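# Notes for the structure review
Listed below are the residues making up each chain.
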Amino acid sequence: MLLGYARVSTISQDAGFEAQLRDLRAAGVADENIYREKISARAAQRPEFDALLRGLRKDDVLVVCKLDRLCRSVKDAMEILEAIEKRGASLRVLNMGLDTATATGRLVISVMASIAEFESAILRERQREGIQACKARKGYSGRQPTARKKAAAVLAMNAAGVRKDEIAGQLGIGVASVYRILADEKKRQPHH
């Protein structure tokens, strides 16, 4: 079965959303099999996409118009592809002519994975060189914590009853960071 996924980051991108729906229908995806979402790819949770992944069956084909509608990085793409393949399904990306059910599609994905791994290795190497240069100039102090700087906002939102995943999404931090901040605060509270 063909299952489609259409996503835009904001409600103001309706034209792009309609274009995706049109292209998915033209590719043979039935309207009732198109999962629709108006949410950032960086969102902690994408309920429609998660439901789509859970519902994939053997020989299903997940169809997207563009790879960036599905993921935010090559690493993310590889993790999603692995989840699709575990279910015995495949991925078709319309604008790339990519279909992982074919040998060529699997080759392209393998090349993408290799490039991503290569880029990560180069990035780590450059980072090490930069750290060494800073240490030589005595200017290196390590990575500054980002989530901890938002602790007051996390505590206030939690006190207001906002769900932890929503706090993370609104503040641009991980859900684990929210739980860590709340746990640290709980440790600081006097025991009754």
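This structure is a prediction, so every number in the text was calculated from the model and none was measured. (Residues numbered from 1 in each chain as written. Predicted model: local features only at pLDDT ≥ 70, side-chain atom pairs only at ≥ 80, totals over all residues. Heavy atoms only, no water.)

### Some points on the packing of aromatic side chains
Enumeration according to the criterion identifies one aromatic pair in this entry. Between Tyr5 and Phe49 the ring centres are 5.1 Å apart and the planes differ by 55°, which places this aromatic pair in the tilted class. Here Tyr5 is found in strand 1 (residues 2-8), whereas its partner Phe49 is found in helix 2 (residues 47-55), with 44 residues between them in sequence. Each of the two residues, Tyr5 as well as Phe49, counts as buried. Above the face of the Phe49 ring, Arg46 is positioned so that its terminal group lies 4.5 Å from the ring centre. (Phe/Tyr/Trp six-rings, centres within 6.5 Å; stacked < 30°, edge-to-face > 60°. Helix = DSSP H or I, 4+ residues; strand = E, 2+ residues; numbered from the N terminus. Buried < 20%, exposed > 50% of the residue type's maximum accessible area, 1.4 Å probe, protein only. Lys NZ or Arg CZ within 6 Å of the ring centre and 35° of its normal.)

### As for the pairing of strand 3 (residues 61-64)
A two-sided burial pattern is seen for strand 3, the buried positions comprising Val61 and Val63 on one face and Leu62 and Val64 on the other. Bridge count between strand 1 and strand 3: three bridges; the pairing is parallel. Residue pairing for strand 3: Leu3 is matched across the bridge by Leu62. Two strands pair when backbone bridges link them, and strand 3 and strand 4 (residues 90-93) are joined in this way by four bridges, in the parallel orientation. If you follow Val64 over to strand 4, its bridge partner there is Val93. Handedness of the strand 3-helix 3 (residues 74-86)-strand 4 crossover: right-handed. (Pairing = 2+ DSSP bridges. Right-handed = clockwise from strand over helix to strand, strands pointing away.)

### Examining the pattern of salt bridges
Applying the stated criterion to the full structure yields nine salt bridges. When the shortest N-O distance is used, the salt bridge between Lys58 and Asp59 registers 4.0 Å. By relative accessible area, which is 64% here, Lys58 ends up exposed. Notably, a salt bridge pairs Arg92 with Asp99, separated by 3.3 Å at the nearest N-O pair. On the basis of relative accessible area, Asp99 is assigned to the buried category, the value being 16%. What you see here is one network of salt bridges that share partners, running through Arg25, Asp31 and Arg36. (Salt bridge = Lys/Arg side-chain N within 4 Å of Asp/Glu carboxyl O.)

### What to know about the confidence of the model for the protein chain
For the protein chain, per-residue confidence averages 84 on the pLDDT scale, and 91% of positions sit at 70 or higher. The least confident element of the protein chain is helix 4 (residues 103-136), whose mean pLDDT is 81; the most confident is strand 3, at 94. (pLDDT = per-residue confidence, 0-100.)

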